[in-house]
Amino acid sequence: MKKILSLGLLCTTILLSQAQAASTPTVSGVFEKTVHAFAENHAPLGQIPASDLLNQPVAGIDEETGFLKVQTPKGLVLVARAAVTTTMTAAAPRETSCSYIGTLAASGTGSSSGFASNCKAGAR
Amino acid sequence: MMVMFWIVYKFFDPLSLESATKNSSAQFFSAITAPFYGLSSPRSHQRVAVVTINDPTLQQFDAALPLSYQRQVFILRQILEADPAAVFVDFRMAYEHTDESLSLFQSVLDEAKSKHIPIFFARGEEGQDQIHLLPPLRNVESYSNALETSSAYPLLFEEGNAALKEDEPSQEETRKPEANAAFDVYRSLCTSTWSGQCGSFHEDDFRRPMMIQWGLHVDPAQTQVSSLANSPRNICAVPFSGGFFCRSIVQSFTLGFRAFWGSSRDYEVGHAYYPLTIGAHQLGERGLGTPAGSPPLSHLLKGRAVFYGTDIRDQHDDTVLPFLGRVPNVVLHAMAFDNLVTYGNHYFHEPSEVEFGHGVHIGQAEICEFILWLIFTGWMAFKFYYSHPEVPRGHGAKLRHDIRRKSRDFLSLSLSVNALVPAIFCAALAAFDLSHQPTLLNGMDEALLYVCLFLVLLGTLVLLRRSAQRSQPEEAEHAHGPEESEAEKAEKFRLGFWAHLALLTSLTAIVFALNELFIQWPNADWIGFILLWLAVGESCESTGFVLTFVNFLNRRSHALTSERVPNSESSSQ
């Protein structure tokens, strides 16, 4: 009887862990060969190979930077959200960050505009 | 001699006088016309959008150029999911990355095909021996030329220039003529999903290169994408917003004034891009100030032709435009497309050229200038010759006397009668213009333009009347007086300085109005000619540059001239 109970418990544990693994989002794709990574305290870790991230679980989102927390064999790293694709359920679109509209530089020697990010404080 | 002077000025361009005048006057004309662009067209703005890879995009993507094909495919899929009308990709993928295959784009092409969305990939500049793109992009390539040296944007390329290469498959004999980005997109839409909106579309109507007209207003949806608070100019950026100072006619005057005095070269005088411009990283984000749950910004691309390219600081993919400054070429293509949507086949274009054989071809604008120049200088010479008292009386003298008497008679009528002529002229132009506007949203400002034209003409009339009144008693006084020197005589036939200047201004205003309404040639082409005519005014001055120049060339035929026109020595001093 004890053996049967132990086997049942083992099976339940395995099934639960499988179910949990299935619900945990993972990194499904990477656009470049390497990705810039940061430690949890936002210290730069340099570039890590894309293969280190593929299929690794996403542990969450860093509130301060909006970066993804990815659990890799070498530890938890933060990467830019747009640098990878994940199996996370598509969330509702977040509000775009405030950027100034590009203005044409009237001077022929001036550089072209591009969007300039970081609107002044208070203007989101 | 005056004709020779014109030829030297026009074709030999000493000290770049002609080209420099064109460039600087192009700034002025851009400044006064840009506030009006698109305001009377319900379709302008709404049919075009630009998606750019810019500095913040690279930052957010944690990427550098060139982007990986995977990334490009991801972005193009986002664009296609929004159901755009068409897509032009302004990235030249002539060579394959070492670790990726262009076949990744096949899925994008398949999706575009299944959704009936025309898609094109940039091949580079025509005429630069650009190689064809590799499969699978070979069949969807399009040229991506920027402006030519004449500042015109080519739409179609002559078949001789864009001849099919020897290695081209024979089935491509039925291919359409090679086209530039904006026209390829426009043509594909007008012959498919937009066939009802383009009217009767004939490719031959678009052979002349386009002089792109620029607008200063942003797409109203741009405020969802980015903030407008960084430039004082952008206060007026949203069409029909802002107060009195944002009205297009007020903007036209203020910008024109600044451009006239060259102060538009300040860095601060920036203007936003006319087409809706979205960073690629923003496609999946909702708009600024929109409530949670709003659709992503990519939904703004629905039904528009999307031009996708780079807007990276200091990259070599931009064009310097008069008055507006540097513009990324992807925005240039988008703006050319907007011109096609706004004007159809009545777009502003380079004048056609007339072939004289042996490789000699002269533009219609030059021919038109030449004829006008002949008329002006002929009139000046006619007046000058028959003004001399010792010239035998005949038909010419009588004709000159009659013309002078009639013009004096007209100018001696009351001002209100005189004013009827410019009033009728301006009213006719305004009626024609407004009746051809698809919408009268900006009708008040358009009408005010003609009021301004009338005031300019009226001011000139007043000065001419004063000039005529002043010369009348002087003429009577000297009619039987002592012999005048040639210089004094010549001086008497000059208009007053202000009258001459006003006459030039009026002429400029009239030609500008006629050109905008009917001819639609580049305005800067003929401004040099008008300025040259200013020089004619001094041709009667004995010490003037023109007469000195003419006399220098005329020295050899001096004896002959002396026989025909007595006392010519004094005029050549």
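Provided above is the structure to which this section pertains.
Student: Help me out: how do you make sense of the nonpolar core in this one?
Tutor: Note on soluble globular proteins: their nonpolar side chains tend to be buried together. Residue and element names in this part refer to chain B. In terms of nonpolar packing, the biggest core is built from 50 residues, with Tyr 186 and Phe 337 touching the most fellow members. For this core, the secondary-structure elements that each account for two or more residues are strand S1 (48–54), strand S2 (86–89), strand S3 (119–124), helix H6 (181–190), helix H8 (248–260), strand S7 (305–311) and helix H9 (329–343). For this core, the leading source of residues is H9, giving 9 residues. Beyond its immediate sequence surroundings of up to four residues, Phe 337 is in contact with Arg 47, Val 48, Ala 182, Val 185, Tyr 186, Leu 189, Trp 194, Ala 305 and Phe 307. Counting 42 residues, the second largest nonpolar core, distinct from the first, contains Leu 58, Leu 133, Ile 278 and Tyr 308.

Student: Is there a simple way to think about the packing of aromatic side chains in this case?
Tutor: Aromatic ring pairs: the centre-centre distance and the angle between the two ring planes describe each pair. All names here are of chain B. In this structure the tally under the stated criterion is 23 aromatic pairs over all chains. Ring geometry for Phe 91 against Tyr 308: centres 5.0 Å apart, planes inclined by 55°, an arrangement best described as tilted. Of this pair, Phe 91 sits in the loop between S2 and helix H5 (106–114) while Tyr 308 sits in strand S7, and the two are 217 residues apart along the sequence. An aromatic cluster is built from Phe 88, Phe 183, Tyr 186, Trp 194, Phe 201, Phe 206, Phe 307, Phe 337 and Tyr 347, whose rings are joined through pairwise contacts. The aromatic ring of Trp 194 is capped on one face by Arg 47, whose charged end is 5.5 Å from the ring centroid. Directly above the ring of Phe 61 sits Arg 71, whose terminal nitrogen or CZ lies 3.9 Å from the centroid.

Student: I keep staring at the pattern of salt bridges and nothing clicks. Help me out?
Tutor: Pairing between side chains of opposite charge can happen when the charged atoms of each approach one another. One pass over the full model with this rule turns up 14 salt bridges over all chains. We note a salt bridge from Asp 52 of chain A to Lys 74 of chain A, for which the minimum N-O separation is 3.4 Å. Placement of Asp 52 of chain A in the loop between strand S3 (44–49) and strand S4 (58–61) and of Lys 74 of chain A in the loop between strand S5 (68–72) and strand S6 (75–79) is noted, with a sequence separation of 22 residues between them. The shortest N-O distance in the salt bridge between Lys 398 of chain B and Asp 402 of chain B comes to 3.4 Å. Here Lys 398 of chain B pairs with Asp 402 of chain B, and both are found in helix H11 (residues 395–411), just 4 residues apart, close to one helical turn. Ionic contacts of the salt-bridge type, sharing partners, join the residues Lys 398, Asp 402, Arg 405 and Asp 409 of chain B into one network.

Student: Got a minute to help me understand the packing of helix H10 (residues 364–386) of chain B against H11 of chain B in this structure?
Tutor: If you want to describe how two helices pack, look at the angle between their axes and the distance between the axes. Residue and element names in this part refer to chain B. For the pair H10 and H11, the least separation of the axes is 10 Å and the interaxial angle reads 110°. Looking at the two axes, H10 sits roughly perpendicular to H11. The residues of H11 that touch H10, namely those facing Trp 379, Phe 382, Lys 383 and Tyr 386, are Gly 396, Ala 397, Leu 399, Arg 400 and Ile 403. Here the residues of the contact of H10 with H11 are counted per class, giving 6 nonpolar, 1 polar and 2 charged.

Student: Sorry if this is basic, but what is going on with the side chain of Asn 329 of chain B here?
Tutor: Turning to its location among the elements, Asn 329 of chain B is positioned in helix H9. Excluding its chain neighbours within four sequence positions, the residues that come into contact with Asn 329 of chain B are Asp 90, Ala 146, Asp 317, Asp 318 and Thr 319 of chain B.

Student: Even after reading the chapter, I still don't get the sheet that holds S1 of chain B, so can you show me in this structure?
Tutor: Strand pairing in a sheet relies on backbone hydrogen bonds. The paired strands run either parallel or antiparallel. Residue and element names in this part refer to chain B. Sheet architecture is open: 6 strands sit in the order S4-S3-S2-S7-S1-S6, paired in parallel fashion. Every interior strand has two partners, whereas the edge strands, strand S4 (141–143) and strand S6 (276–279), have only one. Taking the axes of each pair of neighbouring strands and ignoring which way they run, one obtains an average angle of 30° across the sheet. Bridge count between S2 and S7: 4 bridges; the pairing is parallel. Counterpart to Val 87 in the pairing with S7 is Val 306. The sheet strands contacting H9 are S1, S2 and S7, and the helix crosses S7 at an angle near 155°.

Student: Help me understand the side chain of Asp 90 of chain B, please; the structure alone is not making it clear to me.
Tutor: Residue and element names in this part refer to chain B. With respect to the element layout, Asp 90 can be found in the loop between S2 and H5. For the buried Asp 90, no salt bridge is present, and the opposite-charge side chain at shortest range is Arg 92, 9.2 Å distant. Filtering out sequence-adjacent residues up to four positions away, Asp 90 remains in contact with Ala 122, Ser 144, Tyr 308, Gly 309, Asp 317, Asn 329, Val 330 and His 333.

Student: Explain the pairing of S3 of chain B to me, please; I cannot follow it from the model alone.
Tutor: All names here are of chain B. Most of S3 is tucked away: 6 of the 6 residues are buried. Relative to S3, S2 is paired through 3 bridges, and the arrangement is parallel. Residue Val 87 lies in a different strand from S3, and its bridge partner there is Ile 119. Pairing of S3 with S4 involves 3 bridges; the strand directions are parallel.

Student: For this particular structure, what's the right way to read unusual backbone geometry?
Tutor: With the exception of glycine, most residues fall at negative phi, and the peptide bonds are largely trans. That bond from Leu 65 of chain B to Pro 66 of chain B is cis: its omega, -5°, falls within 30 degrees of zero. Along the polypeptide, Pro 66 of chain B turns up in the loop between helix H3 (55–61) and helix H4 (69–81). With an omega of 10°, the peptide bond running from Pro 135 of chain B to Pro 136 of chain B counts as cis. Inspection of the secondary structure puts Pro 136 of chain B in the loop between S3 and S4. Phi at His 42 of chain A takes a positive value of approximately 70°, unusual for a residue other than glycine. Following the sequence through the fold, His 42 of chain A ends up in the loop between strand S2 (34–38) and S3. The backbone of Asn 55 of chain A shows a phi angle near 65°, a positive value even though the residue is not glycine. Relative to the helices and strands, Asn 55 of chain A resides in the loop between S3 and S4. Given the relative accessible area of 58%, Asn 55 of chain A is considered exposed.

Thresholds, definitions, all that
Residues numbered from 1 in each chain as written. Chains lettered and ligands numbered in written order. Predicted model: local features only at pLDDT ≥ 70, side-chain atom pairs only at ≥ 80, totals over all residues. Heavy atoms only, no water. Core = buried A, V, L, I, M, F, W, Y, C linked by side-chain atoms within 4.5 Å. Buried < 20%, exposed > 50% of the residue type's maximum accessible area, 1.4 Å probe, protein only. Helix = DSSP H or I, 4+ residues; strand = E, 2+ residues; numbered from the N terminus. Contact = heavy atoms within 4.5 Å. Phe/Tyr/Trp six-rings, centres within 6.5 Å; stacked < 30°, edge-to-face > 60°. Lys NZ or Arg CZ within 6 Å of the ring centre and 35° of its normal. Salt bridge = Lys/Arg side-chain N within 4 Å of Asp/Glu carboxyl O. Axes fitted to C-alpha atoms, helices over the stretch in contact; angles between N-to-C directions. Parallel < 35°, antiparallel > 145°, perpendicular 65-115°, else oblique. Nonpolar A, V, L, I, M, F, W, Y, C, P; charged D, E, K, R; others polar. Pairing = 2+ DSSP bridges. Lys, Arg positive; Asp, Glu negative; His and termini not counted.

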